Amino acid sequence: MMTEILQQLINGIAVGSIYALIALGYTMVYGILRLINFAHGDIYMVGAYAGYFAIVSFKWGIVPSFIFAMLVCAVLGMSIEKFAYRPLRIRNAPRIAALTTAIGVSFLLENLGVIFWTPTPRAFPQVLPLRIYQGIYEKFGIIVNNRQLVIVSVAIILMILLQFIVNKTKIGMAMRAVSFDRETAWMMGVNIDYVISFTFAIGSMLAAAGGVLVGIYFNRIDPLMGVMPGVKAFVAAVLGGIGIIPGAMVGGFILGIAEILVSAFIASSYRDAIAFAILIIILLVKPSGIFGAITREKV
């Protein structure tokens, strides 16, 4: 029994790493704009397809394809911010307008994906042949494969790199300043538009990384693949504390582990329901999330 639990924990950490990468994009954009970018899950989908075509059409290896997908989604994220969200921000539109726009952009990306790539799922190229580490299996009775190790390793490296950018660089200082007080940061000479655009680029690159990793792990992509993971990543961000980067990471891992444990020991039909159950519980018990602090906001 203990071996089975440990096995599912490993599987949950791999899935949770992907949720964490997507959740980071949610939490970064919210920290800067106080906006829930519901198109973020679909940017993750575009990243998966960008990686797919880089491998299939351009015959690139996994690393160049991975970088290409991140760059494509960085441009897409900045374009969405410039043409969909910035006009609303300049006109001081109410938050409901930005939220409605985000949902509209999400539907637009999904339907464009269906039109250009057809709704038929595609098999992601086997660029990373599956290998089981027998030594670990023989010693602990746990199956660990190279894809799981790659997913977790890449996710952790990107999270550490993000923390470095936010806490140790000039642009990171500007991001923190804008997040704390946008008007004061502007008066101090911070280029608000550049900081927000950069934030969308970084968040979109992380989502693209998650999309490619999902393709490698599950060997399947489709134009609607970002809908449910996008919602679950939002739950992960809320769970950890929306707007808090470490919270998004922890929330992603917790959600991934919970989903896999429920699927393995209760019923696989409940794996999606657990995300919404966690959302309801966290909103009732601690609405600010695990790492969040309760603040008063005038509406």
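Presented here is a report on the structure given in the accompanying data block. A quick note: this is a predicted structure, and the numbers were derived from the prediction, not measured.

**A closer look at the overall build of the protein chain**
At step 1: Scanning the protein chain from N- to C-terminus turns up 12 helices and zero strands.
At step 2: When the helices and strands of the protein chain are placed in sequence order, the string is α-α-α-α-α-α-α-α-α-α-α-α.
At step 3: A globule of 299 residues ought to have a C-alpha radius of gyration of about 19 Å, and the protein chain, at 19 Å, matches this closely.
At step 4: By residue count, 49% of the 299 residues in the protein chain fall in the buried class.

**Considerations on the side chain of His40**
At step 1: If you trace the backbone, His40 turns up in helix α2 (residues 40-56).
At step 2: At 3.2 Å, the side chain of His40 forms a polar contact with the backbone oxygen of Ile22.
At step 3: When residues no more than four places from it in sequence are discounted, the contact partners of His40 are Ile22, Gly25, Tyr26, Gly203, Ser204 and Ala207.

**Section: the nonpolar core**
As a rule of thumb, nonpolar side chains are buried together in soluble globular proteins.
At step 1: Ranked by internal contacts, the top residues of the largest apolar core, which has 88 residues, are Leu24, Tyr85, Leu162 and Leu206.
At step 2: When near neighbours in sequence (up to four residues on either side) are disregarded, Tyr85 contacts Leu35, Asn37, Ala39, Ile80, Ala98, Thr101, Ala102 and Phe200.

**Describing helix α3 (residues 62-90)**
At step 1: Taking 1.5 Å per residue, 29 residues should reach 42 Å; α3 reaches 40 Å between its end C-alpha atoms and fits that length.
At step 2: Remark: the principal bend of α3, roughly 35 degrees, maps to Ala84, with a proline, Pro87, within the next four residues.
At step 3: After α3 finishes, the residue Asn92 shows a positive phi value of roughly 55 degrees.

**Thoughts on the pattern of salt bridges**
At step 1: Scanning the entire structure with this criterion turns up seven salt bridges.
At step 2: Here Arg89 and Asp193 are joined by a salt bridge, their closest N and O atoms 2.9 Å apart. Residue Arg89 is found in helix α3, and its partner Asp193 is found in helix α9 (residues 192-218); the two are separated by 104 residues along the sequence.
At step 3: The salt bridge partner of Asp222 is Arg220, with a shortest N-O separation of 3.1 Å.
At step 4: In this structure Asp222 comes out as buried when scored by relative accessible area, which is 12%.

**Overview of the environment of Ile266**
At step 1: One can find Ile266 in the loop between α11 (245-265) and α12 (273-285).
At step 2: Placed 221 residues apart in sequence, Ile266 and Met45 show a C-alpha to C-alpha distance of 29 Å.

**Side note on a nonpolar patch on the surface**
At step 1: A cluster of nonpolar side chains, namely Leu108, Leu112, Ile115 and Phe116, defines an oily patch on the protein surface of about 440 Å² accessible area.
At step 2: Relative to the assigned elements, Phe116 resides in helix α4 (residues 95-117).

**Section: the environment of Ile5**
At step 1: Within the secondary structure layout, Ile5 lies in helix α1 (residues 2-33).
At step 2: Each C-alpha atom of the pair Ile5 and Leu261 lies 7.7 Å from the other, and the pair is 256 residues apart in sequence.

**What to know about unusual backbone geometry**
At step 1: Even without a glycine there, the phi angle at Lys59 is positive, about 60 degrees.
At step 2: The residue Lys59 is located in the loop between α2 and α3 in this model.

**What about the packing of α2 against α9?**
At step 1: Axis separation between α2 and α9 bottoms out at 7 Å; the angle between their running directions is 55 degrees. With respect to α9, the element α2 is oriented oblique. The interaxial crossing formed by α2 with α9 has right-handed handedness. Packed against α2, whose contacting residues are His40, Ile43, Tyr44, Gly47, Ala48 and Gly51, the element α9 presents Gly203, Ser204, Ala207, Ala208, Gly210, Gly211, Val212 and Val214 at the interface.
At step 2: Partitioning the contact of α2 with α9 into residue classes produces seven nonpolar, seven polar and no charged.

**Quick notes on the packing of aromatic side chains**
At step 1: Under the defined criterion, the tally for this structure stands at 13 aromatic pairs.
At step 2: Relative to Trp117, the ring of Phe53 lies with its centre 6.2 Å away and its plane at 40 degrees, an arrangement referred to as tilted. With Phe53 in helix α2 and Trp117 in helix α4, this residue pair connects regions lying 64 residues apart in the sequence.
At step 3: A relative accessible area of 24% means that Phe53 is categorised as partly exposed.
At step 4: An angle of 85 degrees between the planes, with centres 5.4 Å apart, marks the rings of Trp60 and Phe68 as edge-to-face.
At step 5: In this structure Trp60 comes out as partly exposed when scored by relative accessible area, which is 36%.
At step 6: Among the aromatic side chains, those forming a connected cluster through ring pairs are Tyr49, Tyr52, Phe53, Trp117 and Phe124.

**A word on the packing of α2 against α4**
At step 1: Where α2 meets α4, the axes come as close as 9 Å, and the angle between the chain directions of the two elements is 25 degrees. The angle between α2 and α4 falls in the class roughly parallel. At the point where α2 passes α4, the crossing takes the left-handed sense. Here Asp42, Ile43, Met45, Tyr49 and Phe53 of α2 lie close against α4, whose contacting residues are Ser106, Leu109, Glu110 and Trp117.
At step 2: Considered class by class, the residues forming the contact of α2 with α4 number six nonpolar, one polar and two charged.

Parameters at a glance
Residues numbered from 1 in each chain as written. Predicted model: local features only at pLDDT ≥ 70, side-chain atom pairs only at ≥ 80, totals over all residues. Heavy atoms only, no water. Helix = DSSP H or I, 4+ residues; strand = E, 2+ residues; numbered from the N terminus. Rg over C-alpha atoms; globule rule 2.2 N^0.38 Å. Buried < 20%, exposed > 50% of the residue type's maximum accessible area, 1.4 Å probe, protein only. Polar contact = N/O pair within 3.5 Å; in protein donor to acceptor, adjacent residues only side chain to side chain. Contact = heavy atoms within 4.5 Å. Core = buried A, V, L, I, M, F, W, Y, C linked by side-chain atoms within 4.5 Å. Expected span 1.5 Å × (residues − 1). Bend = angle between axes of the 7 residues up to and from the residue. Salt bridge = Lys/Arg side-chain N within 4 Å of Asp/Glu carboxyl O. Patch = residues over 30% accessible without salt bridge, like charges linked within 9 Å, V, L, I, M, F, W, Y side chains within 5 Å. Areas by Shrake-Rupley, 256 points an atom, 1.4 Å probe, with all protein chains shown as cover. Axes fitted to C-alpha atoms, helices over the stretch in contact; angles between N-to-C directions. Parallel < 35°, antiparallel > 145°, perpendicular 65-115°, else oblique. Left-handed = near helix turned anticlockwise from the far one by under 90°. Nonpolar A, V, L, I, M, F, W, Y, C, P; charged D, E, K, R; others polar. Phe/Tyr/Trp six-rings, centres within 6.5 Å; stacked < 30°, edge-to-face > 60°.

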